[in-house]
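# Results of the structural survey
This is what each chain is made of:
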Amino acid sequence: MTVLSLYSHHDHCFVALKKDNVIYSHSLKLEQGMTQARAFIPFIQQAWQEIGNPPLTAIITPRGPGAFTSLRITLAIAQG
């Protein structure tokens, strides 16, 4: 069972993957001019590849409270 958890806030993106009761967490501080929408997908792919691309059982995202854009982006990524 592999679970993907996503969170973003202003200029930070966070990804956590839980596989076989081990948690792999990564954070990314966005450089000036980089947006969450552009950085998040490659960041998730990199973190997922590091643990061997296992099939995902669940995706966890926040529903709020939080910055509207951050919530919208994480929910859209999870839905896609």
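Residues numbered from 1 in each chain as written. Predicted model: local features only at pLDDT ≥ 70, side-chain atom pairs only at ≥ 80, totals over all residues. Heavy atoms only, no water.

### Some thoughts on the sheet that holds strand E4 (residues 58–60)
Put simply, the test is: Here, strands pair whenever DSSP counts at least two bridges between them. A helix here means a DSSP run of H or I that spans at least four residues, while a strand means a run of E at least two residues long, and both kinds are numbered starting from the N terminus. Helix axes are fitted to C-alpha atoms over the stretch in contact, other axes to C-alpha atoms as well, and angles between N-to-C directions run from 0 to 180 degrees.
The mixed open sheet is built from four strands, whose spatial order is E3-E2-E1-E4. For this open sheet the edge positions go to strand E3 (22–29) and E4, each flanked by a neighbour on one side alone. For this sheet, the mean angle separating the axes of adjacent strands, direction not counted, is 15 degrees. Inspection of the sheet shows strand E1 (residues 2–9) paired to strand E2 (residues 12–19) by eight bridges, in the antiparallel sense. Bridge pairing in E2 links leucine 4 to leucine 17.

### Topic: the packing of aromatic side chains
Stated formally: Here the aromatic set is Phe, Tyr and Trp, taking the six-membered ring for Trp, and pairing holds for ring centres within 6.5 Å; pairs whose planes are under 30 degrees apart are stacked, those over 60 apart are edge-to-face, and all others are tilted.
Across all of its chains, the model carries one aromatic pair by this definition. Residues tyrosine 7 and phenylalanine 14 carry aromatic rings whose centres are separated by 5.8 Å and whose planes lie at 35 degrees to one another, so their mutual orientation is tilted.

### Some remarks on unusual backbone geometry
What is expected of a backbone is that most residues other than glycine have negative phi and most peptide bonds are trans. Here is the rule we go by: Per-residue accessibility, obtained with a 1.4 Å probe over protein chains only, is compared with the maximum for each type, and a residue is labelled buried under 20%, exposed over 50%, and partly exposed between these values.
Residue aspartate 20 is not a glycine yet carries a positive backbone phi of 50 degrees. Tracing the sequence through the fold places aspartate 20 in the loop between E2 and E3. Not every positive phi belongs to a glycine, and asparagine 21 is a case in point at roughly 65 degrees. Relative to the helices and strands, asparagine 21 resides in the loop between E2 and E3. Judged by relative accessible area, which is 71%, asparagine 21 ranks as exposed.

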